[in-house]
Amino acid sequence: MANFRIGNGYDVHALAQGLPLVLGGVRIESPFGCVAHSDGDVAIHALCDALLGAIAAGDIGKHFPDSSPEFKGIDSKILLSRTVGILRGKGYGVVNADITIAMQAPKLAPHIGKMRETLASVMGIGVEDVSVKATTTEHLGFVGRGEGCEAYAVVLVARE
Ligand SMILES: [Zn+2]
């Protein structure tokens, strides 16, 4: 395999009242949260898929099936840590990651710094190598109607 490889990931979750909202490993005050088998961290799930994609190792559902009780309600930071372990097992390390979260509400800007710190810490890389961006969809589509949220991730990995 090449010295450098890229990967991209995408994830969606429905939103429902009364569930906890966890994004980028950070618990965020919100009247609604993601419907999921795990903690529903859409940003981490997209990031894991990007990392697995970079080494053509399938996707998050293959490694951490939502049919398994082991992953019920699991903290997605554990899934990210394990995913980085899979990457290292193939001889690769994370160079940088860029994540975009699309969500109509609440405002995510105040939480971006903490998300970057948290994700960098779990992946064992510098905060300057982790970008998290948030956008609304201007009230358009399922995100704009508040029915769900989505995240996109792109990563670069390098042979260690
Ligand atoms: Zn997910």
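In case you missed it, the structure is sitting above this.
All values reported here derive from a predicted model rather than from experimental measurement.

### A few points about the overall build of the protein chain
1) Next: Broken down by element type, the protein chain carries 5 helices and 7 strands.
2) Next: In sequence order, the protein chain lays out its α and β elements as β-β-β-β-α-α-α-β-α-β-α-β.
3) Next: Relative to a compact globule of 160 residues, whose C-alpha radius of gyration would be 15 Å, the protein chain shows 15 Å and is just as compact.
4) Next: By its C-alpha atoms, the protein chain is 45 × 35 × 25 Å across when sized along the principal axes.
5) Next: Residues counted as buried form 46% of the 160 residues belonging to the protein chain.
6) Next: Considering only intrachain contacts with a sequence separation of at least 6, the fraction spanning at least 24 residues in the protein chain is 71%.
7) Next: Taking the average place of the 14 positive charges on the side chains of the protein chain and the average place of its 17 negative ones, the gap between the two points comes to 4 Å.

### Topic: the packing of aromatic side chains
1) Next: For the structure shown, the criterion picks out 2 aromatic pairs.
2) Next: The interplanar angle of 40° and the centroid separation of 4.9 Å between the aromatic rings of Tyr10 and Tyr152 together place this pair among those described as tilted. Taken together, the residues span a long stretch of sequence, with Tyr10 in strand S1 (residues 4-17) and Tyr152 in strand S7 (residues 148-159) at a distance of 142 residues.
3) Next: Look at Tyr10 and you get partly exposed, because its relative accessible area is 37%.
4) Next: Taking the centre distance of 5.5 Å and the plane angle of 80° together, the rings of Phe64 and Phe71 count as edge-to-face. With respect to class, Phe64 is no different from Phe71; both count as buried.

### Here's the deal with helix H3 (residues 76-89)
1) Next: Taking 1.5 Å of rise per residue, 14 residues should cover 20 Å, and H3 covers 20 Å from first to last C-alpha, within 8% of that figure.
2) Next: The set of residues buried in H3 consists of Ser76, Leu79, Leu80, Thr83, Val84 and Leu87. An end-on view of H3 places all buried positions within 140° of arc, on one side of the element.
3) Next: Lining the buried residues of H3 we find helix H1 (42-54), helix H2 (60-63), strand S5 (92-102), helix H4 (112-123) and S7.
4) Next: In the segment just after H3, Gly91 is the residue with positive phi, at about 90°.

### Some thoughts on the side chain of Thr118
1) Next: Inspection of the secondary structure assignment puts Thr118 in helix H4.
2) Next: Within polar-contact distance, the side chain of Thr118 engages the backbone oxygen of Lys114 at 2.7 Å.
3) Next: Excluding residues within four positions of it along the chain, Thr118 makes contact with Gly24, Gly25, Val26 and Lys77.

### Points about the layout of surface pockets
1) Next: A volume near 200 Å³ is recorded for the largest pocket.
2) Next: Looking at the largest pocket, it is lined by 13 residues, and the ones nearest its centre are His37, Ser38, His45, Phe64 and Asp66.
3) Next: Within the lining of the largest pocket, the residues separate by chemical class into 7 nonpolar, 5 polar and 1 charged.

### Some points on the nonpolar core
1) Next: Grouped together as the largest cluster of nonpolar side chains are 47 residues, with contacts concentrated most on Leu47, Leu51, Ile101 and Met123.
2) Next: Per element, the largest residue contribution to this core is 10 residues, and it comes from H1.
3) Next: When sequence neighbours within four positions are dropped, the list of residues in contact with Met123 reads Leu47, Leu51, Leu80, Val84, Arg88, Val94, Ala97 and Val130.

### With respect to the environment of Gly40
1) Next: Assignment of secondary structure puts Gly40 in the loop between strand S4 (32-34) and H1.
2) Next: A relative accessible area of 0% places Gly40 in the buried class.
3) Next: With 44 residues separating them in the primary sequence, Gly40 and Val84 have C-alpha atoms 19 Å apart.
4) Next: Setting aside residues no more than four positions away along its own chain, Gly40 makes contact with His13, Val22, Cys34 and His45.

What counts, and where the lines are drawn
- Residues numbered from 1 in each chain as written.
- Predicted model: local features only at pLDDT ≥ 70, side-chain atom pairs only at ≥ 80, totals over all residues.
- Heavy atoms only, no water.
- Helix = DSSP H or I, 4+ residues; strand = E, 2+ residues; numbered from the N terminus.
- Rg over C-alpha atoms; globule rule 2.2 N^0.38 Å.
- Buried < 20%, exposed > 50% of the residue type's maximum accessible area, 1.4 Å probe, protein only.
- Contact = heavy atoms within 4.5 Å.
- Lys, Arg positive; Asp, Glu negative; His and termini not counted.
- Charge placed at Lys NZ, Arg CZ, Asp CG, Glu CD.
- Phe/Tyr/Trp six-rings, centres within 6.5 Å; stacked < 30°, edge-to-face > 60°.
- Expected span 1.5 Å × (residues − 1).
- Arc of directions from axis to C-beta.
- Polar contact = N/O pair within 3.5 Å; in protein donor to acceptor, adjacent residues only side chain to side chain.
- 1 Å grid on protein atoms, 1.4 Å probe; cavity = no way out; pocket = protein on both sides within 12 Å on 5 of 7 lines; lining within 4 Å.
- Points joined across faces, edges and corners; volume = space filled by probe spheres on them.
- Nonpolar A, V, L, I, M, F, W, Y, C, P; charged D, E, K, R; others polar.
- Core = buried A, V, L, I, M, F, W, Y, C linked by side-chain atoms within 4.5 Å.

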